[in-house]
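# Observations on the three-dimensional arrangement
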Amino acid sequence: MAYVPTPMDTAWQRESGIDLGKTAVVVVDVLGGGEGTLPVLEDMAAWCVRIVRAARSKGVPVVFACDAHLPSIDRELELWGDHGIAGSEAARPLAAFEVRPGDYVVPKRRYDAFFQTDLDLTLRELGVDTLVVMGCDTNICVMHTLAGAYFRGYRTVVPAEATATFLVGDQQEGLSYFARCFDTRVVCGQEALGLFA
């Protein structure tokens, strides 16, 4: 079982359910289209696929926030090398998600899926105030997206097994940071699936 930090003593983290009518799932950078993901991310990706399917079964909107970098000019490319280039297979949601017409794909050029994208507008027009956020890297794009959500007043849930870090920092520290700094309710994967039961 994945590490789940001790919840903070806040009203949100003491709760156990969510209002599915005001919830969306946000999948951050689980990419690769038909080419698949890196072996180190396969378990995380499998959990994301399970949770997306469970959410869809209850009519919960699913948003894929996907790197879509412009070659040669995006600042992230200088730090990390070419990855998630707009229009490439590496910038598409993993094929296992079987993206549907009712899903939303939000291209992003920075770590935070809210920064200079229409994610916030889309969520507000859907009447959403709660996000189930998952993906990778735990300590980069997931962390910055959770910060963006917190600053905009969203409540967040993170399924621990549906996140992964392989570039920066430690998985446990990242999950603990979410709970402490963004009032994120960090849960195990099975508990996340139970939210959509």
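See the structure shown above.
Residues numbered from 1 in each chain as written. Predicted model: local features only at pLDDT ≥ 70, side-chain atom pairs only at ≥ 80, totals over all residues. Heavy atoms only, no water.

Helix and strand counts for the protein chain stand at seven helices and seven strands. Ordered by position from N to C terminus, the α and β elements of the protein chain give α-β-α-β-α-β-α-β-α-β-β-α-β-α. Taking 16 Å as the expected radius of gyration for a compact globule of 197 residues, we find that the protein chain reaches 15 Å, a close match to that expectation. Split into buried and exposed, the 197 residues of the protein chain put 51% on the buried side. When contacts within the protein chain are restricted to residue pairs at least 6 apart in sequence, those whose partners lie at least 24 apart make up 81%. Element-wise, carbon and sulfur atoms account for 52% of the exposed surface of the protein chain, whose accessible area totals about 9200 Å². (Helix = DSSP H or I, 4+ residues; strand = E, 2+ residues; numbered from the N terminus. Rg over C-alpha atoms; globule rule 2.2 N^0.38 Å. Buried < 20%, exposed > 50% of the residue type's maximum accessible area, 1.4 Å probe, protein only. Contact = heavy atoms within 4.5 Å. Areas by Shrake-Rupley, 256 points an atom, 1.4 Å probe, with all protein chains shown as cover.)

Structurally, Thr156 is set in strand β5 (residues 155-159). Residue Thr156 is classed as buried on the basis of its relative accessible area, which comes to 1%. In terms of polar contacts, Thr156 uses its side chain to reach the side chain of Thr184, at 2.8 Å. Excluding its chain neighbours within four sequence positions, the residues that come into contact with Thr156 are Trp12, Leu131, Val133, Leu146, Ala149, Phe182, Asp183, Thr184 and Arg185. (Polar contact = N/O pair within 3.5 Å; in protein donor to acceptor, adjacent residues only side chain to side chain.)

Bringing unusual backbone geometry into the picture now. Most of the time, phi is negative for any residue but glycine, and the peptide bond is trans. Residues Cys136 and Asp137 are joined by a peptide bond in cis, for which omega reads -10°. For Glu98, which is not a glycine, the phi torsion comes out positive at approximately 50°. Inspection of the secondary structure puts Glu98 in the loop between α3 (75-80) and β3 (104-108). The residue Gln116 is not glycine, and still its phi comes out positive at about 55°.

The topology assignment puts Pro71 in the loop between β2 (62-67) and α3. The sequence separation of Pro71 and Tyr3 amounts to 68 residues, and the corresponding C-alpha distance is 37 Å. Residues within four places of Pro71 in sequence aside, it is in contact with Leu77 and Ile85.

For strand β4 (residues 130-136), the tally of buried residues reaches seven of seven residues, placing the bulk of the element in the interior. The two faces of β4 match: Thr130, Val132, Met134 and Cys136 on one face and Leu131, Val133 and Gly135 on the other face are all buried. Two strands pair when backbone bridges link them, and strand β1 (residues 23-28) and β4 are joined in this way by six bridges, in the parallel orientation. For Val28, the partnering residue across the bridge sits in β4 and is Gly135. For the crossover that starts at β4, traverses helix α5 (residues 138-151) and ends in the parallel β5, the hand is right-handed. Pairing of β4 with strand β6 (residues 163-164) involves two bridges; the strand directions are parallel. Counted as the bridge partner of Cys136 is Ala164 from β6. (Pairing = 2+ DSSP bridges. Right-handed = clockwise from strand over helix to strand, strands pointing away.)

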